[in-house]
Amino acid sequence: MALILDGRQLAAELEARLRATIAERQGTIGRPPGLAVLRVGDDPASGVYVANKEKACGRVGITSLGEHLGADAGPAAVLAAVQRLNADPACDGILLQLPLPAGLEEGPLLAAIDPEKDADGLHTLNLGRLLKGEPGPRSCTPAGVMALLARHQLPLAGRRAVVVGRSILVGKPMALMLQAADATVTVAHSRSADLAGLCRQAEVLVVAAGRPGIVAAEHVRPGAVVVDVGIHRRPEGGLCGDVRAAEVEPLAAALTPVPGGVGPMTVTMLLVNTVLAWCRRHGLAHGLDDLVV
Ligand code: NAP
């Protein structure tokens with residue numbers, strides 16, 4: 001049976017470290033770190049995500065500086081909010097909660113975020129930094145996967161990794177991070193031929209296709225490490241991932257559960273990015289080097 005890679009437990013451990021990091025440095029810096037989650041409109045799922053992020057901030061001692069603009073806010077109003085947060089010295093991280101209401105283009109607004117305050121690591125400059133191996137905020141979900149693999153000392157150097165999905169949010173940065181850790185990486189997508197054959201080559205398989213149950217026993221090489229990024233509401237209630245966990249668990253060496261695997265790590269890496277930015281902006285060592293990918 002697979003080792004279950006428990007994201008909730010690691011997230012709790014990392015929160016404790018962040019709490020200590022903040023408490024030790026707050027006196028020197030003179031204020032706690034600040035994270036602004038900017039929400040526009042009333043998408044109900046976004047409301048839950050924003051509330052979760054703000055609760056997580058509260059647990060570690062990060063001040064939430066969020067703003068909630070109405071669904072009728074035009075691009076100029078959202079841009080003005082981003083610029084206000086860019087200029088706010090108490091704000092170390094900014095996250096524009098997606099999706100935006102219809103009619104608002106996300107590209108120019110994401111590009112307007114100060115790259116040093118880009119808590120999501122999705123600014124073009126920061127994706128370029130990842131590509132070049134330069135320091136900068138990293139995308140939270142793939143960085144969370146890397147932290148989970150590192151915590152369990154699952155080796156990557158020289159291993160054959162397959163990432164299913166090539167989105168900017170998950171698949172592409174995931175592939176770059178695995179490559180930076182010296183894995184040999186293949187990226188599969190919706191036009192890839194023989195997905196099962198490709199996946200079976202993987203010693204480390206990361207699935208971020210957004211298709212419930214797309215990865216079954218026939219996709220998994222015995223002894224592989226399987227990371228399930230997908231998250232879906234089952235029609236009958238509860239959550240499931242892109243991997244058929246019941247089929248894969250007896251084969252895999254390690255598996256992330258859904259829920260409780262990658263999801264909690266994504267929120268934690270948002271906090272990590274904010275604390276790293278807070279320390280960098282004040283020229284203080286952060287002691288979180290093992291989390292920097
Ligand atoms: P996305 O933007 O929809 O991208 C999905 C990717 O999977 C695309 O590259 C697509 O290929 C590929 N794909 C789709 N169907 C496929 C198939 N049949 N075979 C092979 N590849 C296929 O989704 P995303 O934003 O990356 O998110 C992926 C999943 O992760 C979703 O379930 C999402 O909810 C979840 N997620 C979870 C977290 C978390 O914290 N746990 C965070 C972010 C996302 P093409 O490029 O060819 O279309």
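All chains use their own residue numbering, which begins from 1 and follows the written sequence. Predicted model: local features are reported for residues with pLDDT of at least 70 only, side-chain atom pairs are reported and counted for 80 or more only, and whole-chain, interface and lining totals are derived from all residues. Only heavy atoms go into the side-chain values, all of them from the structure, while hydrogens and water stay out.

1. Structural notes on the site of the ligand
Spelled out, the test is: Any residue with a non-hydrogen atom lying within 4 Å of a molecule or strand is treated as near it. Pairs of N or O atoms are called polar contacts if they sit within 3.5 Å, as long as, within protein, a hydrogen donor faces a hydrogen acceptor (for residues adjacent in sequence, only side-chain-to-side-chain pairs). Here the open area of atoms and residues is found with the Shrake-Rupley method and a 1.4 Å probe, where only the protein chains shown may cover a residue. Only DSSP runs of H or I reaching four residues or more are called helices, and only runs of E reaching two or more are called strands; each is numbered from the N terminus. Each residue receives one of three labels: charged for Asp, Glu, Lys and Arg, nonpolar for Ala, Val, Leu, Ile, Met, Phe, Trp, Tyr, Cys and Pro, and polar for the others, Gly being one of them.
As a matter of local geometry, the ligand sits amid 22 residues, with R166, S167, H189, S190 and T266 nearest to it. At 3.4 Å, a backbone N or O of H189 approaches a nitrogen atom of the ligand. Between V229 and the ligand, the recorded distance is 3.4 Å, taken from a backbone N or O atom to a nitrogen atom. Within the complex, 71% of the 930 Å² of free accessible area of the ligand lies under protein. For the shell around the ligand, the element with the highest residue contribution is helix α10 (residues 262-281), accounting for 3 residues. Its residues assigned to classes, the shell around the ligand shows 10 nonpolar, 10 polar and 2 charged.

2. Some details on the pairing of strand β5 (residues 93-96)
Stated formally: Categorising residues by exposure relies on relative accessible area from a 1.4 Å probe, with only protein chains included: less than 20% of the type maximum marks a residue as buried, more than 50% marks it as exposed, and the intermediate range marks it as partly exposed. Any two strands with at least two DSSP-identified bridges between them are counted as paired.
Alternating positions in β5 separate into two faces, G93 and L95 on one and I94 and L96 on the other, with burial throughout. Looking at chain direction, strand β2 (residues 34-40) and β5 are connected through 4 bridges and run parallel. Its bridge partner lying in β5, A36 is registered against I94.

3. Focus: the pattern of salt bridges
Selection rule: A pair is scored as a salt bridge if a Lys or Arg side-chain nitrogen falls within 4 Å of a carboxyl oxygen belonging to Asp or Glu.
Summed over the entire model, instances satisfying the criterion amount to 11 salt bridges. The salt bridge partner of R25 is E24, with a shortest N-O separation of 3.1 Å. Using a relative accessible area of 14% as the deciding quantity, one classes R25 as buried. With a shortest N-O distance of 3.7 Å, E236 and R234 are connected by a salt bridge. On the basis of relative accessibility, which here comes to 37%, the residue R234 falls in the partly exposed class. What emerges from the salt-bridge pattern is a single network uniting R31, D92 and R281.

4. Regarding the domain arrangement of the protein
To keep things clear, this is the line we draw: Domain limits in this description derive from either an automatic procedure or a database domain assignment.
Taken domain by domain, the protein comprises domain 1 (30-115) and domain 2 (140-263). Taking only C-alpha atoms into account, the centre of domain 1 sits 29 Å from that of domain 2.

5. Focus on the nonpolar core
We count it as follows: As used here, the term nonpolar core means buried Ala, Val, Leu, Ile, Met, Phe, Trp, Tyr and Cys residues forming a set that is joined through side-chain atoms within 4.5 Å. By definition in these notes, contact holds between two residues if any of their heavy atoms fall within 4.5 Å.
Judged by nonpolar contacts, the single largest core of 53 residues is most densely connected at L149 and L178. Of the residues forming this core, the biggest block, 10 residues, is contributed by α10. The residues that make up this core include at least three from each of domain 1 (30-115) and domain 2 (140-263). When residues no more than four places from it in sequence are discounted, the contact partners of L149 are L5, L154, L156, L178, V225 and V227. V164, C199, V243 and V248 belong to the second-largest nonpolar core, a separate cluster that totals 18 residues.

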